[in-house]
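Overview (structure and organization)
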Amino acid sequence: MNFQADTKLTSLKHGLVFRLFISLCLGSNLLCAQTRIFKSHPYGKLGNDNSLTASTSLADLDGDGDLDVLVGNGRHWAEQNYIFYNTGHGFFRKAVRLGDELNTTYVVPTADLDNDGDLDVVVGNDRIKNIVFKNDGTGKLHFDHTFGHSASSTRGLCLADLNNDNFVDIAVANRRTQNFIYLNNGKGEFSSSQPFGLAEEATISIVSADINWDGHQDLILANRNAQTNNIYFGPLFVDFITYGTGKDETRDLAIGDMNGDGHLDIVTANIGERNAVYYGNAKGTFVKFQTFGNETDATYSIDLSDLDLDGDIDIVVGNAGQRNHYFLNNGTYFKQYEFGPVENVTYGVTIGDLDGDSYPDIITANSGSQNIIYLNQPAENWDK
């Protein structure tokens, strides 16, 4: 439609049609053009083409008010992990190695482990011990200690206070080996452990939330190998319920109130089937669900944020050998858009405002190609 021409129409009929069109556009994004796009940052390549990156994470490590990027490399092969420091407005002109050793790293989440006011880093590794790095207060990370079992196939780490002692604990997702909880001793050390879940649960990712409103964090698991996805209730993590079809290949998950009803929902990234939102209810169960994406997608990762700042939660997914997608939530369903090249194998997606414009940006963690920053921009400013 030619808006300039339409505004010059003087007939009552055409004027009413035009005003009705504008009213509908303002009231529903279903009838309007795409408002936000994700364009690759001109200097936003992190790492090199050979790195087998499994994930990235965002944190203000040096306390300067912007988000820095941690890159976890290796997967099954020993590689160097890195920190890229944000030098302002989403530019990452300074990088340092995280640790002196090469590791088989899958995840690099952050939290204040010792309650000293800065963010520390936990490195989750495949079949070697996991590592804790402590922040010295200036953004420099120093090796502190290792924890866990060398035989564990660690894929995910969940950092949360699991026993209500005001210290962050760690739940470890180990694929086809026993999952463990490591309790913080009050000094940011993790020598005490307890197993939870089934002995050969094929867990890839864990998130925490108080699902049943009893004041304790619960653990929500994403399991592969056609196993059930399980929720273990804190503080003992023995009793559990399931969600999903019972035979999903779920590789990642995220938690958020997707329909604004006050109940937390579970959003899953699946391989070989459509991704899904499982809606929570007042009973703390997840029976109602809604699928999104394509049946042929191999979705490896997922993250949530309000991408268009319209007040509801949107979805970003990372796919393997396909273009990545983001889904804008209009309150009824999730409108799909694409970004990034088709050839990337995206193991992780991370969302955060990197350039300080209040709009969330996206980082894709790509195995075998460079990791890419995509800036959130108005669609009308996109130079095609």
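Look above for the structure.
Report follows, based on the coordinates. (Residues numbered from 1 in each chain as written. Predicted model: local features only at pLDDT ≥ 70, side-chain atom pairs only at ≥ 80, totals over all residues. Heavy atoms only, no water.)

Further remarks concern the environment of Arg251. Mapped onto the fold, Arg251 is located in strand 19 (residues 250–256). It is 5.7 Å that separates the C-alpha atoms of Arg251 and Ala269, two residues lying 18 residues apart in sequence. Once residues lying within four places of it in the same chain are set aside, the contact partners of Arg251 are Ile204, Ser205, Ala222, Arg224, Ala269, Ile271, Thr299, Tyr300 and Tyr347. (Helix = DSSP H or I, 4+ residues; strand = E, 2+ residues; numbered from the N terminus. Contact = heavy atoms within 4.5 Å.)

A few words on the sheet that holds strand 4 (residues 82–85). Pairing within the open sheet is antiparallel, and its four strands lie in the order 2-3-4-5. Taken across any chain shown, the strands that pair with only one partner, and hence form the sheet edges, are strand 2 (53–59) and strand 5 (94–97). Neighbour to neighbour, the strand axes of the sheet diverge by 20° on average, direction disregarded. Relative to strand 3 (residues 68–73), strand 2 runs antiparallel, the two being bridged by six bridges. Within strand 3, the residue paired with Leu58 across the bridge is Val69. (Pairing = 2+ DSSP bridges. Axes fitted to C-alpha atoms, helices over the stretch in contact; angles between N-to-C directions.)

Of all six residues making up strand 20 (residues 265–270), six are buried, and the element is well covered by its neighbours. Side chains Asp265, Val267 and Ala269 of strand 20 all project onto a buried face; the interleaved residues Ile266, Thr268 and Asn270 project onto the opposite face, where all are buried too. Sheet analysis places strand 19 next to strand 20, joined by six bridges and oriented antiparallel. Bridge pairing in strand 20 links Leu253 to Thr268. Note: strand 20 against strand 21 (residues 275–278), three bridges, orientation antiparallel. (Buried < 20%, exposed > 50% of the residue type's maximum accessible area, 1.4 Å probe, protein only.)

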